[in-house]
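For reference, the chains in residue letters:
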Amino acid sequence: QVHLVESGGGLVQAGGSQRLSCAASGNFFRIETMNWYRQAPGQQRELVASVTRDENTCYVNSVKGRFTISRDNAENTVYLQMNSLKPEDTAVYYCYATARTSPISSAFQYWGQGTQVTVSS
């Protein structure tokens with residue numbers, strides 16, 4: 001079982017920056033992929049950024065060049081550095097991870113509770 005706890009959300013002005021973090025804890029063998037999703041009111045949840053264990057990354061087009069995802073495998077933590085924030089970035093941001101509970105287990109998916117990011121005009 002993996003528990004994901006996000007932190008770093010809050011209110012920021014347009015053009016500002018914010019850094020989200022997500023720390024994984026629990027009984028597991030290894031975390032594989034770590035992602036950030038977001039969901040705005042009335043909208044579907046979308047994948048914002050993803051990073052594999054070997055640090056391949058991908059981003060949704062709307063945040064390319066502004067957001068950076070990174071991870072610290074030793075600390076089982078993923079980060080999302082958000083720069084040049086826009087009001088359209090306002091959403092609840094969710095941490096997501098896949099992890100194996102043993103070396104022979106399949107990787108299962110886990111979600112954090114989410115953290116609110118509000119970008120004001």
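Reference entry: report on the structure contained in this document. Please read these numbers as outputs of a predicted model, since none were measured by experiment.

Rules behind the numbers
- Residues numbered from 1 in each chain as written.
- Predicted model: local features only at pLDDT ≥ 70, side-chain atom pairs only at ≥ 80, totals over all residues.
- Heavy atoms only, no water.
- Buried < 20%, exposed > 50% of the residue type's maximum accessible area, 1.4 Å probe, protein only.
- Helix = DSSP H or I, 4+ residues; strand = E, 2+ residues; numbered from the N terminus.
- Pairing = 2+ DSSP bridges.
- Phe/Tyr/Trp six-rings, centres within 6.5 Å; stacked < 30°, edge-to-face > 60°.
- Lys NZ or Arg CZ within 6 Å of the ring centre and 35° of its normal.

## Quick look at the pairing of strand E11 (residues 115–120)
Along any regular strand, the residues point their side chains to alternate faces of the sheet.
Next up, step 1: Only one face of E11 is covered, namely the one carrying Thr115, Val117 and Val119; the face carrying Gln116, Thr118 and Ser120 has none of its residues buried.
Next up, step 2: Bridging between strand E2 (residues 10–13) and E11 involves four bridges; their strand directions are parallel. Residue Gln13 lies in a different strand from E11, and its bridge partner there is Ser120.
Next up, step 3: Pairing between strand E9 (residues 91–100) and E11: three bridges, direction antiparallel. Across the sheet, Tyr93 pairs through a bridge with Thr115, a residue of E11.

## A word on the packing of aromatic side chains
Each pair of aromatic rings is reported with the distance of its centres and the angle of its planes.
Next up, step 1: As enumerated under the stated definition, the model contains three aromatic pairs in all.
Next up, step 2: Ring centres 5.6 Å apart and planes at 65° place the aromatic pair Tyr37 and Tyr96 in the edge-to-face group. Placement of Tyr37 in strand E4 (residues 30–39) and of Tyr96 in strand E9 is noted, with a sequence separation of 59 residues between them. Summarising the burial analysis for this pair, Tyr37 and Tyr96 share the class buried.
Next up, step 3: Classification of Tyr37 by relative accessible area gives buried; the value is 17%.
Next up, step 4: Among the aromatic side chains, those forming a connected cluster through ring pairs are Tyr37, Tyr96 and Trp111.
Next up, step 5: Sitting over the face of the ring of Tyr79, Arg19 holds its NZ or CZ atom 4.3 Å from the ring centroid.
Next up, step 6: Sitting over the ring of Tyr94, Arg45 keeps its end group 3.7 Å from the ring centre.

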